[in-house]
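Results of the structural survey
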Amino acid sequence: MSQSPDNFDALQKLLALKRHEPPPPGYFNRFAGQVIARLEAEGGVPSPTWWQRWWEALNAPPVLALSYGAVIVGLVMLGTGLLQSLELDADPALAASQPWLARDSISVAAVAPPRAEVLLSPAVDPAGPASSFSPVLGNSAPPFLFNPSGLRVERVSYQPR
Amino acid sequence: MSTSVLEQPTAPPAPPVLATLDDRALVRRAKSGDLAAYDELVRRYQERIYATLYHMTANHEDANDLAQEAFIKAYHSLRSFKGDSTFFTWLYRIAVNRTINFLKQRKHKTHLSLNDLDFNAEHDPDLVALISDKTPRREAGLAELQEKLNAAMLQLSETHRLVVALHDVQGLSHEEISRIMDCNVGTVRSRLFYARQQLQSLLSDYLKSP
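Quick caveat, the model's predicted, so the values are computed rather than measured.

It is worth spelling out the overall build of chain B at this point. A count of helices and strands for chain B gives 11 helices and 0 strands. Mapped from its N terminus to its C terminus, chain B presents α and β elements in the order α-α-α-α-α-α-α-α-α-α-α. Each of the 210 residues in chain B was classed as buried or not, and the buried ones make up 37%. Sequence separation of at least 24 residues holds for 64% of the intrachain contacts in chain B that already meet a minimum separation of 6.

Looking now at the overall build of chain A. Scanning chain A from N- to C-terminus turns up 7 helices and 0 strands. Each helix (α) and strand (β) of chain A, taken in turn from the N terminus, gives the series α-α-α-α-α-α-α. In chain A, buried positions account for 7% of the 161 residues. For chain A, restricting intrachain contacts to residue pairs at least 6 apart in sequence, the fraction spanning at least 24 positions comes to 8%.

Let us look at the confidence of the model for chain A. Residue and element names in this part refer to chain A. Across chain A, the average pLDDT comes to 69, with 45% of residues at or above 70. Looking at the elements of chain A, mean pLDDT is at its lowest for helix α7 (residues 116-120), recorded as 48, and at its highest for helix α2 (residues 27-41), recorded as 93. Counted against residues more than four places away or in other chains, residues 105-111, with its pLDDT under 50, gives 1 contact.

On to the nonpolar core, then. Residue and element names in this part refer to chain B. L53, A67, L91 and A95 are the most contacted members of the largest nonpolar core, which has 58 residues in total. Counting residues per element, this core draws most heavily on helix α3 (residues 35-57), at 11 residues. Structurally, this core is a two-domain feature, drawing no fewer than three residues from each of domain 1 (21-106) and domain 2 (125-207).

Moving on, we come to α2 of chain A. End to end, α2 of chain A covers 21 Å across 15 residues, agreeing with the expected 21 Å (1.5 Å per residue, within 8%). When α2 of chain A is considered as a whole, its buried residues turn out to be F31, A32, Q34, V35 and I36 of chain A. Along its buried surface, α2 of chain A packs onto α3 and α4 (60-76) of chain B. Downstream of α2 of chain A by a residue or two, G43 of chain A has a phi angle that is positive, lying close to 100°.

What follows covers the confidence of the model for chain B. Residue and element names in this part refer to chain B. Across chain B, pLDDT averages 83, with 75% of residues at or above 70. Here helix α6 (residues 125-134) is the element of chain B with the lowest mean pLDDT, 60, and α4 is the one with the highest, 95. With pLDDT under 50 throughout, residues 1-9 is counted as low confidence; its partners more than four residues away or in other chains account for 14 contacts. Here the predicted complex carries an ipTM of 0.76, next to a pTM of 0.60.

Before going further, it helps to spend a moment on unusual backbone geometry. Residues and elements named next belong to chain B. The residue A58 is not glycine, and still its phi comes out positive at about 55°. With 24 C-beta atoms counted inside 10 Å, the residue A58 sits in the buried group. Look at D182: it is not a glycine, yet its phi comes out positive at around 55°. Looking at where D182 falls in the secondary structure, it is placed in the loop between α9 (174-181) and α10 (185-202). A residue is classified by how many C-beta atoms lie within 10 Å of it, and D182, with 12 of them, is exposed.

The next point concerns helix α7 (residues 142-154) of chain B. Residue and element names in this part refer to chain B. With 13 residues, α7 should cover 18 Å at 1.5 Å per step; its first-to-last C-alpha distance of 18 Å lies within 8% of that length. Within the sequence span of α7, burial applies to L145, Q146, L149, A152 and M153. Down the axis of α7, the smallest arc covering the buried residues is 130°, so these residues share one side.

A few words now on the environment of Y92 of chain B. Position of Y92 of chain B relative to the elements: it lies in helix α5 (residues 87-106). Along the primary structure Y92 of chain B and A70 of chain B are separated by 22 residues, whereas in three dimensions their C-alpha atoms are 8.5 Å apart.

Residues and elements named next belong to chain B. Running from N to C, α3 and α5 cross one another at 30°; their axes reach a closest spacing of 10 Å. Between α3 and α5, the angle falls in the class roughly parallel. Between α3 and α5 lies a crossing of right-handed hand. The segment α3 lies against α5, with L41, Y45, I49, T52, L53, M56 and T57 engaging F87, F88, L91, A95, T99 and L103.

Conventions used here
- Residues numbered from 1 in each chain as written.
- Chains lettered and ligands numbered in written order.
- Predicted model: local features only at pLDDT ≥ 70, side-chain atom pairs only at ≥ 80, totals over all residues.
- Helix = DSSP H or I, 4+ residues; strand = E, 2+ residues; numbered from the N terminus.
- Buried ≥ 20, exposed ≤ 12 C-beta atoms within 10 Å, placed from the backbone.
- Contact = placed C-beta atoms within 7 Å.
- pLDDT = per-residue confidence, 0-100.
- Core = buried A, V, L, I, M, F, W, Y, C linked by C-beta atoms within 7 Å.
- Domains from an automatic or database assignment.
- Expected span 1.5 Å × (residues − 1).
- Arc of directions from axis to C-beta.
- Axes fitted to C-alpha atoms, helices over the stretch in contact; angles between N-to-C directions.
- Parallel < 35°, antiparallel > 145°, perpendicular 65-115°, else oblique.
- Left-handed = near helix turned anticlockwise from the far one by under 90°.

Below, the structure written as structure tokens:
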């Protein structure tokens, strides 16, 4: 009678024969020594390259990784700021055409409080007191507040009662 | 493959304190360049790794070279070991993948260089029963049976042979094998079933009931 295709008992007993095939005597006493000798002959552990160290740092715990990230972002921002200031110093035309980039104007605007006369100048005409013949918005209004595109505002007509 | 290192002198055993450390601690030390710690890891797993590779290759010299290379490659790759699996599973993967690649290259120049059976084999009641009752010729000895068995194993594909070697010879669980082979347990079971069917067919003369 043949073995059932799903009954592998006899086969498993036969496969157990393979457990009785040991290597030559003393083999395992030498094996570890041979591996270590080969490693020593190759120079041991190669020191990690900079990118390996960087990659390990990224795989660090989250708090550490976040602090690394913050430092990197800070360095990038500092570098960008330095680069911009160097470009402006080297190219005065650029600074003139883009005043908001000018380092001096930014620093002055950031440090000095706005002057009252500058803020009031659109509403009060410095030429004289307001009257029906001298409207609040005259030609002397500073262009940067209400007339950014440079349009002129002129009186058309006025009919007093 | 070179076997010149076989003539190296026997190394002294690892310091006793290392033997008390677990794998994680030894791996940490080995990562920082402590070769004594790695020596202890090699001693822990050398027999299992060698046995698996021997059952895969049916050749002592090849198994020896592949086992040494696996331990050396594992040492150089320790930095990439994150501890997601056990060191044992990770090491097994390295050894098994290397051996499968080696066997694919060796495909057409297979040669058996089987180790001699140990004394216990002659006294194993299951094996004695196989020899006396189930072999086609009663005079067939264990050595002949060993040769037939290994020749049949070599006819299996590398993955099927690996499953049989790990489960039926070394006694690893399906789950452990699935982690080593990076596949699911169902795949391991189906490979094992198919491999056993093939072996049963190849060794039918030795497996017939009286």
